[in-house]
Amino acid sequence: MGPAAPLSPDPPGVDAVLARAREGVVRLDPAGTAAALARGALVVDTRTGTQRAEQGEVPGALVIDRTVLEWRLDPTSGSRIPEATGWDVEVVVVCHEGYSSSLAAASLRAVGLHRATDLVGGFAAWRDAGFPVGTGPADVRR
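What counts as what
- Residues numbered from 1 in each chain as written.
- Predicted model: local features only at pLDDT ≥ 70, side-chain atom pairs only at ≥ 80, totals over all residues.
- Heavy atoms only, no water.
- Helix = DSSP H or I, 4+ residues; strand = E, 2+ residues; numbered from the N terminus.
- Expected span 1.5 Å × (residues − 1).
- Buried < 20%, exposed > 50% of the residue type's maximum accessible area, 1.4 Å probe, protein only.
- Arc of directions from axis to C-beta.
- Contact = heavy atoms within 4.5 Å.
- Pairing = 2+ DSSP bridges.
- Axes fitted to C-alpha atoms, helices over the stretch in contact; angles between N-to-C directions.
- Right-handed = clockwise from strand over helix to strand, strands pointing away.
- Core = buried A, V, L, I, M, F, W, Y, C linked by side-chain atoms within 4.5 Å.

Novice: I'm lost on helix α5 (residues 100-111) in this one. Help?
Specialist: Three- or four-residue spacings in an α-helix give side chains the same orientation, since the helix completes a turn every 3.6 residues. Helix length check: α5 (12 residues) gives 17 Å between terminal C-alpha atoms against 16 Å at 1.5 Å per residue, within 8%. Looking only at α5, the buried set comprises Ser101, Ser102, Ala104, Ala105 and Leu108. Projection of α5 onto a plane perpendicular to its axis shows the buried side chains occupying an angular sector of 165°, all on one side. Next to the buried residues of α5 lie α1 (13-22), α4 (69-73), β3 (91-94) and β4 (117-118). In the segment just after α5, Gly112 is the residue with positive phi, at about 130°.

Novice: In this structure, what is going on with the sheet that holds strand β1 (residues 42-45)? I would like to understand it.
Specialist: Sheets are built from strands paired through backbone hydrogen bonds, the pairs being either parallel or antiparallel. As summarised here, the arrangement of the five strands in space is β4-β3-β1-β2-β5, forming an open sheet in which the pairing is parallel. With one partner strand each, in any of the chains shown, β4 and β5 (139-141) form the two edges of the open sheet. When β3 meets β4, the two strands line up parallel, connected through two bridges. Bridge pairing in β4 places Val93 opposite Asp118. Seen against the sheet, α5 touches β3 and β4 and runs at an angle of roughly 150° to β3.

Novice: Would you explain the pairing of β3 in this entry?
Specialist: A regular strand carries its side chains on alternate faces of the sheet. Residue alternation in β3 divides its side chains into two sets, Val91 and Val93 and Val92 and Val94, and both sets are buried. The pairing of β1 with β3 spans four bridges and is classified as parallel. Across the sheet, Val43 pairs through a bridge with Val92, a residue of β3. One crossover worth recording links β3 to the parallel β4 by way of α5, and it is right-handed.

Novice: What is the right way to read the nonpolar core from this model?
Specialist: Side chains that are nonpolar tend, in soluble globular proteins, to be buried together. If you look at the biggest cluster of nonpolar residues, it comprises 17 residues, and the most contacted ones within it are Leu42, Val44, Ile64, Leu69, Leu73, Val91 and Leu108. Those elements giving two or more residues to this core turn out to be β1, β2 (62-64), α4, β3 and α5. No other element matches α5, which puts three residues into this core. Counting residues in each nonpolar core, the second largest holds 11 residues, with Ala61, Val92, Phe123 and Trp126 among its members.

Below you can see the structure in the form of structure tokens.
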């Protein structure tokens, strides 16, 4: 393997990558996320086990580790979950504050899940808006 390509003189940085990930995407607030869950969307919590234990759970959400998210939701993957039934599945990604979830949703859209979005403000916004917070057990998908 050859040497790594040199970095551009001005790498974009994470803020620029995050802004691109959110371009043209309708992100959901807590009420929109609750409505999506009620209509059958997959609400996917990517927070760590420690975060969920300390902060609580989103009732009805699936827990999928960020490191395997694309494989679990790609309907053509041999590692998909049963709910990954097609490219038109509505997916709402939840993280702690709504940053990594934007990047995760962009990655899902790049895979082909064109309806993937995320929760603005993450779990913190969900909790602060007074939506239900569960204590588990979570629906963890490995």
